[in-house]
Amino acid sequence: MMNIDFKKSNGLVPVIAQEYETNEILMLGYMNKEAFDLTIETKIVHYFSRSKNRIWKKGEESGHIQKLIDLRVDCDEDTLLVIVEQVGNTACHTGAKSCFYRSYFEDNKQT
């Protein structure tokens, strides 16, 4: 079982969701302990919404969910990488519109 230190990061750990067939980055967000536990328990990726201050399952409105295939710790053990299978209506790519996406990839560019 993975031991994630949520206290180290003020209770929220960055999450990268990647499509297992294409390796495409689908979602960047955060999990708290409860969202992490729910993800493990249900095998469906849950995120913590900082703006709404609650846990939400990707696609609870659109019917588009992310089934958990694999879970890894990435980037010096402070980022979760979830490998997912997308299920449902349409792709929910946040891509470069996400502030986390921009800051993450600009801070971690390979030189």
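See above for the structure.
Here goes a summary of the coordinates provided. The model shown is predicted, which means the values in this text are computed figures rather than measured ones. Counting from 1, residues in each chain are numbered in the order their sequence is written. This being a predicted model, a pLDDT of at least 70 is required before a residue's local features are given, and a value of 80 or more before pairs of side-chain atoms are given or counted; all residues contribute to the totals for chains, interfaces and linings. Heavy atoms from the whole structure form the basis of all side-chain values; hydrogens and water molecules are not counted.

A look at the pattern of salt bridges
Keep this limit in mind: A side-chain nitrogen of Lys or Arg and a carboxyl oxygen of Asp or Glu constitute a salt bridge if their distance falls within 4 Å. Secondary structure elements follow DSSP: runs of H or I no shorter than four residues count as helices, runs of E no shorter than two count as strands, and numbering proceeds from the N terminus.
Within the structure shown, the criterion is met by three salt bridges. The partner of Lys-67 in a salt bridge is Glu-85, with the nearest N and O atoms 3.7 Å apart. Note that Lys-67 is positioned in strand β5 (residues 65-74) and Glu-85 in strand β6 (residues 79-87), a separation of 18 residues in sequence.

Topic: the nonpolar core
Applied cut-off: In this description, a nonpolar core means a group of buried Ala, Val, Leu, Ile, Met, Phe, Trp, Tyr and Cys residues linked to one another through side-chain atoms lying within 4.5 Å. Exposure categories follow from relative accessible area, calculated using a 1.4 Å probe and restricted to protein chains: below 20% of the type maximum is buried, above 50% is exposed, and the middle band is partly exposed. We call two residues contacting when some pair of their heavy atoms lies within 4.5 Å.
Formed by 21 residues in total, the largest nonpolar core has its most connected members in Met-31, Phe-36, Val-45, Leu-80 and Val-82. Elements with a minimum of two residues in this core: β1 (13-19), β2 (25-31), α1 (33-42), β3 (46-49), β5 and β6. Of the residues forming this core, the biggest block, four residues, is contributed by β2. Ignoring anything within four residues of it in the chain, the contact list for Val-82 reads Val-15, Ile-16, Ala-17, Gln-18, Met-31, Val-45, Leu-68, Asp-70 and Leu-71.

Quick word on the pairing of β6
Stated precisely, the cut-off is as follows: Strand pairing is defined by DSSP finding a minimum of two bridges between the two strands.
Alignment of β1 against β6, held across five bridges, turns out to be parallel. Paired with Ile-16 across the two strands is Leu-81, which belongs to β6. Pairing analysis gives nine bridges linking β5 to β6, with the strands arranged antiparallel. Paired with Lys-67 across the two strands is Glu-85, which belongs to β6.

Examining the sheet that holds β6
Heads up, the rule is: Angles run from 0 to 180 degrees between N-to-C directions of axes, and those axes are lines fitted to C-alpha atoms, restricted for helices to the stretch in contact.
Pairing in this open sheet of four strands is mixed, and the strands run β2-β1-β6-β5 from one edge to the other. Among the strands making up the open sheet, the edge pair consists of β2 and β5. On average, adjacent strands in this sheet sit at an angle of 25° to one another, irrespective of strand direction. Across the sheet, α1 touches β2, β5 and β6, and the angle it forms with β2 is around 130°.

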